[in-house]
Amino acid sequence: MRKKGILITGAAGEIGDALIRSLSQQDQNQVITLDVRPLPAETSTMVTHITGDIMDQALLARLVSEYEIATIYHLAALLSTRAEFTPEAAHRVNVEGTLGLLKLASEQSQWRGEPVLFIFPSSVAAYGMPDLETKARYPMVREWEWNYPRTMYGCNKLYCELLGTYYSENFRQLAAERPVMLDFRSVRFPGLISAYTVPSGGTSDYGPEMLHAAAQNSPYACFVSEEACIPFMAMPDAVTALTLLAAAPAKALSRRVYNVTSFSLTAAEFREQVLNYFPGADITFNPDKKRQGIVDSWPAGLNDHDARRDWGWQPAYGLERAFEEYLVPNIRNRYMSG
Ligand SMILES: NC(=O)c1ccc[n+]([C@@H]2O[C@H](COP(=O)([O-])OP(=O)(O)OC[C@H]3O[C@@H](n4cnc5c(N)ncnc54)[C@H](O)[C@@H]3O)[C@@H](O)[C@H]2O)c1
């Protein structure tokens, strides 16, 4: 018999690190992780890690021969800034990689006679506002509005949301018998801020970079202007959103893709927050017009009403609490002990 397990792809990344810590405490199922990078020593003892590529079909086949995968958290991706430098590579990993995992989940759902749960982190990058006037006029977008992404990463996320929905609802719609389909669920995250890891390759990275630089007494030049405004969320809330959505009864869900958010603020307001705790921080603004253009195309806020109504989503960390209780103490601790 195969061992039952939960698969996390991209587990060596920022969200993966936090998700492993949370799942290894809560869940009795074995957690199997897959990433092209090895896991840090601390989390590697909590899971069974495979260092490998999600594009490696032989590896995926071996994986399902050994494990009965009931849930997949598919986190592996090339993030927004990196994806702009290598758009075709991003398409391969973000779209073809996701398609391969959807195919695996689809086949496994049929083998098991029960849907495999497929949890997919999408992004605010799935939106694209045409200009700043429109962004100001629609400060809290709903899931179906302004789905005109300007980046390869945003296009990849939006299309994968559709692919996941297709495999959950319409796969083999012309066949004589409908197969058991997978259960795809997705959250569109705002920019995430972790106290324990520093992001790389994303376009919302200026927020966390400001904070981590201040805690290390390093000067920081922000790559967007003072007025740039997007939504953010503390990492523990991101993990809560993923696990809460995974645990929700299917009949409670009115959609497959949900906005989730916590607080929105401008880069200047972010700087002020950082200065409250690190008054000597040297934070200046040196906007990169091109990256600024990407941030400007993202909405200033996400309307997450449906997630709140359907599966009880509520962020534990609003702006003040995120800084006061999660970010600042843990970041101080990290750099003091490191
Ligand atoms: N961090 C954010 O602010 C944010 C916001 C919205 C959505 N997301 C999404 O959440 C997911 C995780 O993001 P993160 O912040 O942890 O990113 P991250 O870059 O820290 O982690 C991504 C991980 O995927 C791995 N990876 C990349 N290509 C791979 C491949 N071909 N095979 C196996 N592993 C591969 C990388 O090695 C990395 O460890 C991504 O899908 C991202 O798009 C993140």
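All values reported here derive from a predicted model rather than from experimental measurement. (Residues numbered from 1 in each chain as written. Predicted model: local features only at pLDDT ≥ 70, side-chain atom pairs only at ≥ 80, totals over all residues. Heavy atoms only, no water.)

Across the sheet, three strands lie side by side as E7-E9-E11; this open sheet has mixed pairing. The open sheet has two free edges, formed respectively by strand E7 (191–193) and strand E11 (263–266), since each of these has just one partner strand. Adjacent strand axes in the sheet meet at a mean angle of 45 degrees when their direction is disregarded. Pairing of E7 with strand E9 (residues 229–234) involves three bridges; the strand directions are parallel. (Pairing = 2+ DSSP bridges. Helix = DSSP H or I, 4+ residues; strand = E, 2+ residues; numbered from the N terminus. Axes fitted to C-alpha atoms, helices over the stretch in contact; angles between N-to-C directions.)

Following the sequence through the fold, lysine 135 ends up in helix H6 (residues 132–137). Given the relative accessible area of 7%, lysine 135 is considered buried. Between the C-alpha atoms of lysine 135 and proline 329, which are 194 residues apart in sequence, the distance is 34 Å. Among residues more than four places away in sequence, those in contact with lysine 135 are Met129, Cys229, Ile230, Val295, Asp296, Trp298, Pro299 and Ala300. (Buried < 20%, exposed > 50% of the residue type's maximum accessible area, 1.4 Å probe, protein only. Contact = heavy atoms within 4.5 Å.)

The subject of this paragraph is the packing of aromatic side chains. Tallied over the entire structure, the rule returns 16 aromatic pairs. Note on tyrosine 166 and tyrosine 167: the rings are 5.5 Å apart at their centroids and 85 degrees apart in plane angle, and the pair reads as edge-to-face. Residue classification places tyrosine 166 among the partly exposed positions, given a relative accessible area of 34%. Here the aromatic cluster, defined as three or more aromatic residues joined through ring pairs, consists of Tyr206, Phe223, Phe232, Phe270, Tyr277 and Phe323. One cation-aromatic arrangement involves arginine 188 over tyrosine 127; the distance from NZ or CZ to the ring centre is 4.8 Å. Lying across the ring of phenylalanine 278, arginine 332 places its NZ or CZ 4.8 Å from the centre. (Phe/Tyr/Trp six-rings, centres within 6.5 Å; stacked < 30°, edge-to-face > 60°. Lys NZ or Arg CZ within 6 Å of the ring centre and 35° of its normal.)

Moving on to the site of the ligand. Taken together, 25 residues sit near the ligand, with Ile15, Asp35, Arg37, Tyr153 and Lys157 positioned nearest. Within the backbone of isoleucine 15, a nitrogen or oxygen atom sits 2.8 Å from an oxygen atom of the ligand. A distance of 3.0 Å separates a nitrogen atom of the ligand from a polar atom in the backbone of isoleucine 54. Protein burial of the ligand: of its 830 Å² of free accessible surface, 92% is covered by the chains. At a threshold of 2 Å from the grid points, most atoms of the ligand map onto the largest pocket. Among the secondary structure elements, those contributing two or more residues to the shell around the ligand are helix H1 (14–26), strand E5 (117–123), helix H7 (152–169) and E7. (Near = heavy atom within 4 Å. Polar contact = N/O pair within 3.5 Å; in protein donor to acceptor, adjacent residues only side chain to side chain. Areas by Shrake-Rupley, 256 points an atom, 1.4 Å probe, with all protein chains shown as cover. 1 Å grid on protein atoms, 1.4 Å probe; cavity = no way out; pocket = protein on both sides within 12 Å on 5 of 7 lines; lining within 4 Å. Sits in = over half its atoms within 2 Å of the grid points.)

Our focus in this paragraph is unusual backbone geometry. If you check the backbone angles, tryptophan 146 has positive phi at about 50 degrees while not being a glycine. Secondary-structure assignment places tryptophan 146 in the loop between H6 and H7.

Once that is clear, we can look at the sheet that holds strand E3 (residues 48–51). Across the sheet, which stays open at both edges, the seven strands sit in the order E3-E2-E1-E4-E5-E6-E10 with parallel pairing between neighbours. Each edge of the sheet is formed by a strand with only one pairing partner; in this case those strands are E3 and strand E10 (257–259). Direction aside, the axes of adjacent strands within the sheet are offset by 20 degrees on average. Seen against the sheet, helix H3 (residues 57–66) touches strand E1 (3–9), strand E2 (30–35), E3 and strand E4 (67–74) and runs at an angle of roughly 125 degrees to E4. Each of E1, E4, E5 and strand E6 (183–189) touches helix H5 (residues 87–112); the most contacted strand, E4, lies at about 145 degrees to it.

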